[in-house]
Each structure stands twice: as structure tokens, then as C-alpha cells.
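# Close look at the chain arrangement
The primary structure of each chain is shown beneath.
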Amino acid sequence: MDIARANDKRRAAELVAQMTVEEQALLLSGDGWWATHGIERLGLPPIALSDGPHGLRRIRRNDSWGAGGSVPATCFPTASALSATWNTSLLREVGTALGREAQAVDVQVLLGPGINIKRSPLGGRNFEYFSEDPLLSGRLAAAYIEGVQSEGVGTSLKHFAVNSQESERMATSSDLDARTLHEIYLSAFEIAVSEAQPWTVMSSYNLVNGTYASENRELLTDILRRDWGFEGLIVSDWGGINDRVAGVEAGNDLEMPGSGDHNQKKIVAAVQEGRLSKDSLAKAATEVAALILRAVAARKTDASFDADAHHALARRAGAEAIVLLKNEGKVLPLASGKKVALIGAFASSPRYQGAGSSMVNPTRTSNAADELAVLLAAESLVRAEGYDTEGETTGALIDEAVKAASSADIAVVFAGLPDSYESEGFDRHSIAIPPGHVRLIEAVAQRHANVVVVLLNGSAIEMPWAERVKGIVEAWLGGQAGGGAIADVLTGRANPSGKLAETFPATLEQTPTFPNFPGRSGHAHYGEGVFVGYRYYDVKRLEPLFPFGFGLSYTEFAYTGIRSSGAVFDVDHNGYVTIEVTVKNIGAVAGQEVVQLYVHERAPALPRPIVELRAFDKVALAAGEEKIVRFTLNRRDFAYYDADTGGWAVTPGTFDIRVGGSSRDLPLQVSIEVSAKAVAGKHLTPRSLVGDFKGAANGEAFYEELVRALGFGALLDSGKEADAANLTHEQITAIRKARMSTFAFVDEMPVNKVPAFSHGHFSDARLDEMLRAAAEGKRA
């Protein structure tokens, strides 16, 4: 903890010590929708919180979710777009701009970023989250947090944790095993907390394994604070409190929005009745007071921001987020002097942001039609509406579109998802775009050879028409400057460098959670385990429409060399290993490439993904330029979460380091022999299996004793005799088959059944003695 933070905590504790129980309880609930309470007599003022992962949503009235509207603010590209940049420096820039805008309108905490894992493309709020991969999500979130907080404005990392669906989101338990929880759904939060220390973390609406996240002590206190060292405040999602007293005891400090004196009375009564300790109440109140002190000290009363500069940044970010998915025959960039048909209502009336709590009142907006008219000769453009606001079309609109396309050299069709197709509050029912959009694309493609489709959507979609068009441009929900960003990429003013941060499946049926998403009747079963996103497609050997990490450029890159700092890496003593990769721009124009490093374990101790992203870097290369990109890998990059020991374990063996431009294009490989301490055996209990004793300290002796107690000692001896005796191959094979069959039965028997099977010769007391010895690593 830094000195300033420690001083805030000390001063806050001194103030809380002067408060009554009622005043402390008052601090633990918001004052209205968007402010905390203050304690005027102690000079502790209220502070303001505001929605807005991709733009400030400063509501004009504190007594409402949105009545009266919000103040104008820059609407940056949504998280699904920003993640496609794979650019931590750019995320830090955007975060800094958001912090400046927050200071300008007197907001002390910005509610973002959202980093929940995209378990399914049907997730209604996917546009507000970064990726299906925890490393990418965590690193981008850390950069965003650093940017915002560099301006003296706090962030709220959300939604903690395992909040993967919108359907029944306040009443559904996300049910999953410990390994999946830690490797996939907690890792992004761990990275962001460890690297950037957000001022606050927001607990999610849902339950996790049967306990509400807002009152889940294991998550909020044991993992977040104790294991990861989180130093800030935990706030509930808006309306996310179930049992306020249980929440305080678990570590949830601030309830939002305020509940009047409803929960305040419950907290006071719980203290008076001894159901809630005074220390727990004071601790939560101290966190709220410390946040207020920190925010007040960082407040800039004369702050302002440059709206023009922020709009330009939004345009640059939008262009860098665009992913060029197809460019057959180099149909793009648009050649000068060519006539271009712009088809589809999204060309002039784009969808540029998501719906729900993140909706921003933009300082201005742009559209591709107007921006292209500036960059190209206006007379070279022809327009056709194509469909209405809901994506529905008619024969007349189709005929008009085909006519416009026929008069042009290139037809650019704008399509995607209308507001009604994806939003906070509900999940999508399919990954299809409106039938009217599909009908329009297919009609134009049938009559024109040069068709480019520009997509505006917040999450992955299916593209049954992909083979019939020459170009596909994924422009996402590109923010208020998205129209200019699209124009920059289509004309070559900007070279596309975006890469997919989520897999685009060929069909919904191909996705990891089909047909069990969203979970219903109070439970979401995470049966796919750690095999989420590209991890699933790889292990199932499925060919997605477009793989994770994929994206084209107007230039080409060659991966020409790879080396490691050593052929052997001792993860327990050496700290890290360095990987150097050589990349060259072999095309004619400057561009940026996202260099992606994945790790593959050849002989894992348990099922693991084929490859997992472990590092990435975005590098700018002039035409003909070559650079060396360096990565460092540490113990965690080779580890899996061992649920039996409750920690991260590494299996010694060979690991392949694979590097390239996407999860399915990894031309470079170097192998490393990894050495590590032996993984501790399972924690043994009376319900452990006999076979589990093989992994315990002195386990072979324990195991042999158990086998003999069950009456199968002769088989142990016959195996030794068979190895030493001069037997025929057939005799040895018969003995081994008998042993395999018997030991399959023995190894999977719960050890507490051994006393009964041995008729008491192996006693319950002996079993207890053996379990104690195993726990201590001794020979019983």
C-alpha cells in the first residue's frame, strides 16, 4: 500500500472512531442513485459516482436511474471494439481522457471497466466486455484503470464475479468448479487488481455456487483482499444487495443505490443484537471514508476537457479497433476515381454504442456516408437506404439498392445488429443479423462482383453470406467518431490493425455453451469448464468462421525468427524466461501487427487447452522494417489451478512456445524444458479414493498397506514376480490384465470402506492414524 493510501486509511479510521453506530451505518449506503452520504459534522463530504465504461454517463438528477438525461460526454468505442485494438497504450489514453471528463463534471468514481468473460456470443452485455480470454481482458483493463486514475478519478472494476448472462441475472447461480473459476473467470480480475489497484471493485448481481456475490466472503475477502492484496472499496452493483448484514460481514462496503434507512436500520439492529460485530461495521465505514478522502484530495475544481481532441482520439481508437476479416482481390482500400454505392441505413444512421446503463449522450456524432463524402469526391458516391431502423426491408428497398450497386464500381453494404437485438438486461436468442440485412447483402452480391460488407455490432455474428462477398469489415460499435473511423479504413487513410478478441463461430450450434445458454431456473451450469472460446474450438477441432486473434491488414507481416533465453526453465528458482521474436513488414505500406504468444503443454497432468494466450504486443512497422519483440514468461504462465491444493501448480515437462498472428496461425515455435517442484498430493480425507494415496508423502507404503488390507496383496506380489520371472509373453499379458482390472476397482474405492471390506483387520483407528500421517507428510 502506498503512503498516500495508508494515510487515507489512517485518517478515515480516526474519523470513523468519532462516529456513532448510526452514522457508520449511514455511510454504508448511497445517498440517492449516484452519490455517497457524507458526515457533515466531521467535514466528510459526499462524492459522486457515474456510469460509463466507454463514456461518462453523468445523470443530471441524483434521484433517478436516468430521468433528466445525462450531460454531454465523448462516446468512445465500446469495450468489444477497444479490445480488438490489443493496444494497452491506447486503452491507457482513452482512460486518461475519461478521467479528465469525469473531473470536468465533478465525478469522483467512474463505473468501469467491465471485464466479465464472454462465455457465449449470446451474452446481451458482451459489447461492454473485453474478451473471451482472461489475459487479454486483464491487461486491457489494467491499462484503462491506470489511465482513468492518473487523473485522480477512481474506477470500479466490474462485475465481480462470473457474471456471464443477463437473463435472470439477479437470481441465477453461476455453478462451476474451482479450477474453472480461478483459471478463466477470476484471472482477469486478478491481473487488473495486481497491476493497477482500482479504487473500487463492484460485486455482481448473481450468485456464485449458491452464494450471492455481494455476500460471498470467499470472493470478497479471502480471494480479492487476502490473496490478491486489493486495497480499495467494494461496492454492490446497483440493486445487487440481497442480505445487507451478510454483505457487510463478507466484505461488501457500500450499497448502491441508497436504500433510505431500510438497510441502515438492519445494520444498526444487527450490531445491537450482536449479529454483526462493531469491528466489521467500522471496517466497512473506514473503506467508504477512505475513498471519500482520496477522491476529495484529487478533485480538480477548475477541470475541463478538449472535446475536439477527445473526438479525434475516439476516431483514432475506432479505426484501430476495426478488424478486416476478408479482402479478396484487394478490393480494399477503395481506389480513387471509383464510383462507390453506400447501401444500408447504418451508413448514415449508424448504431455506435450499446443500450442500457452505458448509454452516453455524445458531444457529437459522425456517420460513414458524410465522412466518405469528405475523403472521396461526393459525386463518386451513390446511396440506397436498404432497410428500416429494425433491419426490415421490402422489395422496393431491395430494388433500389440493387440499382444503386449496379451503377457503381464497388458496393459497400452496411449491416449489423439494431438496438433491439442486443442490450443490457436481456440475452440474444441467436447470432443472426436481421433477415432484412441478410436479404439485402445476398441480393446485392448476386448482382455485383465487388461487394464489401461493413458490420456494426457489439458481439460475434454468423455470416452465411461470407463466401459471396469480397470484403468484410468488422467495425463494431465504434463510438461517436465511428463513422470517421470507418471512412479512414475504407479509404486506406488508416491501415486496419484490429484483431478479434472473441471467436466468431460458424453457427450457434458450434459454440461451447450450446444449447445450455443462458442458464434458467436459478442455475447456470458451466459444464464446458476451462474450455471457453478458442480453448473449446481447439480441443474439439472445430473450424470457426474466424478464429480468436485473427485480423488482416493492407500490408503483410513475416515471422522470421524465435529464440528463448534458455532451453531449460526452473520455474521455482529462475524467475522468468525471455522469448525473442523477429517480425518483418514485407508489404508496401506501414502497418501494425499484434504479435501473440501462446503456450502448449505436451503432457499435461489433467486436460488443458491446446494453447493458451500468455503474452502479446502490438508493434508498428514501416514498409520493409523488421523488429525484435521481447516477452517474459514466469511460473504462472506454465501453471494450472490445482483444486486439490488450492493453488497454482506446474507439471515438469516440455512446453512449446508458439507465436504468430492469431490463435490458428502460429508459425514460430521454440520448446522449453520446464522443471518444477513436485505438486503436493491431494488433501486426503475418509472419502478420498485408495488410488489418491499414491500421490501422498510415503504414498506407496500407504497404498500397499491398503491394497493388502483389501486382500489383493498377492496381485502386488505377482506383478513383481512377473517382472523377474522367465515367463512367456502371453503369461505376462494375462497377469497384467488381471492386475489392471482389479486395481481399477481398488483405486476407485473410497478409503473409508476399507475397514469393512477387511472385516475390521484394517481398523477405523488405523485409517485415522494414516490420514494424520499423510497430512503431515510422515510415514504412519
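See the structure printed just above.
This section reports on the structure supplied with the text. Not measured: the values here are computed from a predicted model.

### Focus on the overall build of the chain
- The helix and strand inventory of the chain stands at 21 helices and 25 strands.
- Its C-alpha atoms give the chain a radius of gyration of 29 Å, near enough to 28 Å, the size a compact globule of 780 residues would have.
- Counting only C-alpha atoms, the chain reaches 95 × 80 × 50 Å along its principal axes.
- When burial is assessed residue by residue, the chain has 60% of its 780 residues classed as buried.
- When contacts within the chain are restricted to residue pairs at least 6 apart in sequence, long-range pairs at least 24 apart make up 76% of them.
- Summed over its atoms, the accessible surface of the chain is roughly 29,600 Å², and 50% of this surface lies on carbon and sulfur atoms.

### Section: the packing of helix 4 (residues 88–104) against helix 11 (residues 307–321)
- Contact geometry of helix 4 with helix 11 gives a least axis separation of 11 Å together with a crossing angle of 150°. If you check the angle between helix 4 and helix 11, you find them roughly antiparallel. You can see that helix 4 and helix 11 cross each other, and the crossing is left-handed. Taking contact as the criterion, the partners of Leu90, Glu93, Val94, Ala97, Arg100 and Glu101 in helix 4 are, on helix 11, His310, Leu313, Arg316, Ala317 and Glu320.

### Some details on the packing of aromatic side chains
- On inspection of all chains with the given rule, the structure shows 18 aromatic pairs.
- Measuring from centroid to centroid gives 5.4 Å for tryptophan 86 and phenylalanine 548, while their planes differ by 55°, and the two rings are tilted. Of this pair, tryptophan 86 sits in the loop between helix 3 (79–83) and helix 4 while phenylalanine 548 sits in the loop between helix 16 (534–539) and strand 16 (557–564); the two residues are 462 residues apart in sequence, bridging distant segments of the chain. Here tryptophan 86 and phenylalanine 548 have matching classes, each one buried.
- Here phenylalanine 693 and phenylalanine 702 contribute two aromatic rings whose centre-to-centre distance is 6.4 Å and whose plane-to-plane angle is 80°, an arrangement assigned as edge-to-face.

### Here we look at empty space enclosed by the protein
- The final tally for this structure, using the stated rule, is five cavities of 30 Å³ or more.
- A volume near 100 Å³ is recorded for the largest cavity.
- What lines the largest cavity is a set of 13 residues, among which Lys118, Ser120, Pro121, Glu132 and Thr503 lie closest to the centre.
- Split into classes, the residues belonging to the lining of the largest cavity amount to six nonpolar, three polar and four charged.

### Quick look at the environment of alanine 143
- Tracing the backbone shows alanine 143 in helix 5 (residues 134–149).
- Alanine 143 sits in the buried class, given a relative accessible area of 1%.
- Along the primary structure alanine 143 and alanine 196 are separated by 53 residues, whereas in three dimensions their C-alpha atoms are 7.5 Å apart.
- If sequence neighbours within four positions are ignored, alanine 143 has contacts with Thr88, Leu91 and Arg92.

### Considering the layout of surface pockets
- Space inside the largest pocket adds up to approximately 510 Å³.
- Along the walls of the largest pocket sit 24 residues, with Leu552, Ser553, Thr555, Glu556 and Phe557 positioned nearest its centre.
- The set of elements that each furnish at least two residues to the lining of the largest pocket consists of strand 16 and strand 19 (591–601).
- Of the residues assigned to the lining of the largest pocket, the class counts are nine nonpolar, 10 polar and five charged.
- A volume near 430 Å³ is recorded for the second largest pocket.
- In terms of lining residues, the second largest pocket is bounded by 18 residues, among which Leu135, Arg139, Ile191, Arg636 and Asp637 are the most central.
- Counting residues per element, the lining of the second largest pocket draws most heavily on helix 6 (residues 178–196), which supplies six residues.
- When the residues that make up the lining of the second largest pocket are grouped by side-chain class, the tally is five nonpolar, four polar and nine charged.

### What about the sheet that holds strand 7 (residues 211–212)?
- Overall, mixed pairing links the four strands, which are arranged 7-6-4-15 in an open sheet. Of all the strands in the sheet, just strand 7 and strand 15 (523–525) have a single pairing partner and so form its edges.
- The pairing of strand 4 (residues 173–175) with strand 15 spans three bridges and is classified as parallel. Bridge pairing in strand 15 links serine 173 to histidine 523.

### Describing the sheet that holds strand 14 (residues 471–474)
- With mixed pairing, the six strands of this open sheet are ordered in space as 9-14-13-12-10-11. Edge positions in the open sheet fall to strand 9 (323–327) and strand 11 (381–384), since each of these has one partner strand only. On average, each strand axis in the sheet is tilted by 15° relative to the strand beside it, whichever way the strands run.
- Here strand 9 runs beside strand 14; their pairing, made up of four bridges, is antiparallel. Note that in strand 14 the partner of asparagine 327 across the bridge is glycine 471.
- Helix-sheet contacts for helix 12 (residues 368–375) involve strand 10 (340–343), strand 11 and strand 12 (410–416), and the interaxial angle to strand 11 is about 170°.

### Overview of the side chain of asparagine 263
- Tracing the backbone through its elements, the reader meets asparagine 263 in helix 9 (residues 262–272).
- You can call asparagine 263 buried: its relative accessible area is 8%.
- In terms of polar contacts, asparagine 263 uses its side chain to reach the side chain of glutamate 255, at 2.7 Å.
- Other than its neighbours up to four places away in sequence, asparagine 263 contacts Ile241, Arg244 and Glu255.

### Focus: the environment of histidine 437
- Relative to the helices and strands, histidine 437 resides in helix 14 (residues 435–447).
- With a relative accessible area of 1%, histidine 437 lands in the buried category.
- Separated by 69 residues in sequence, histidine 437 and alanine 368 have C-alpha atoms that sit 18 Å apart.
- In contact with histidine 437, not counting residues within four places along its chain, are Phe346, Tyr387, Gly391, Ala415 and Gly416.
- Among the polar contacts listed, one links the side chain of histidine 437 to the backbone nitrogen of glycine 416, at a separation of 3.0 Å.

Conventions and cut-offs
Residues numbered from 1 in each chain as written. Predicted model: local features only at pLDDT ≥ 70, side-chain atom pairs only at ≥ 80, totals over all residues. Heavy atoms only, no water. Helix = DSSP H or I, 4+ residues; strand = E, 2+ residues; numbered from the N terminus. Rg over C-alpha atoms; globule rule 2.2 N^0.38 Å. Buried < 20%, exposed > 50% of the residue type's maximum accessible area, 1.4 Å probe, protein only. Contact = heavy atoms within 4.5 Å. Areas by Shrake-Rupley, 256 points an atom, 1.4 Å probe, with all protein chains shown as cover. Axes fitted to C-alpha atoms, helices over the stretch in contact; angles between N-to-C directions. Parallel < 35°, antiparallel > 145°, perpendicular 65-115°, else oblique. Left-handed = near helix turned anticlockwise from the far one by under 90°. Phe/Tyr/Trp six-rings, centres within 6.5 Å; stacked < 30°, edge-to-face > 60°. 1 Å grid on protein atoms, 1.4 Å probe; cavity = no way out; pocket = protein on both sides within 12 Å on 5 of 7 lines; lining within 4 Å. Points joined across faces, edges and corners; volume = space filled by probe spheres on them. Nonpolar A, V, L, I, M, F, W, Y, C, P; charged D, E, K, R; others polar. Pairing = 2+ DSSP bridges. Polar contact = N/O pair within 3.5 Å; in protein donor to acceptor, adjacent residues only side chain to side chain.

All we've got here are geometric facts, nothing functional implied.
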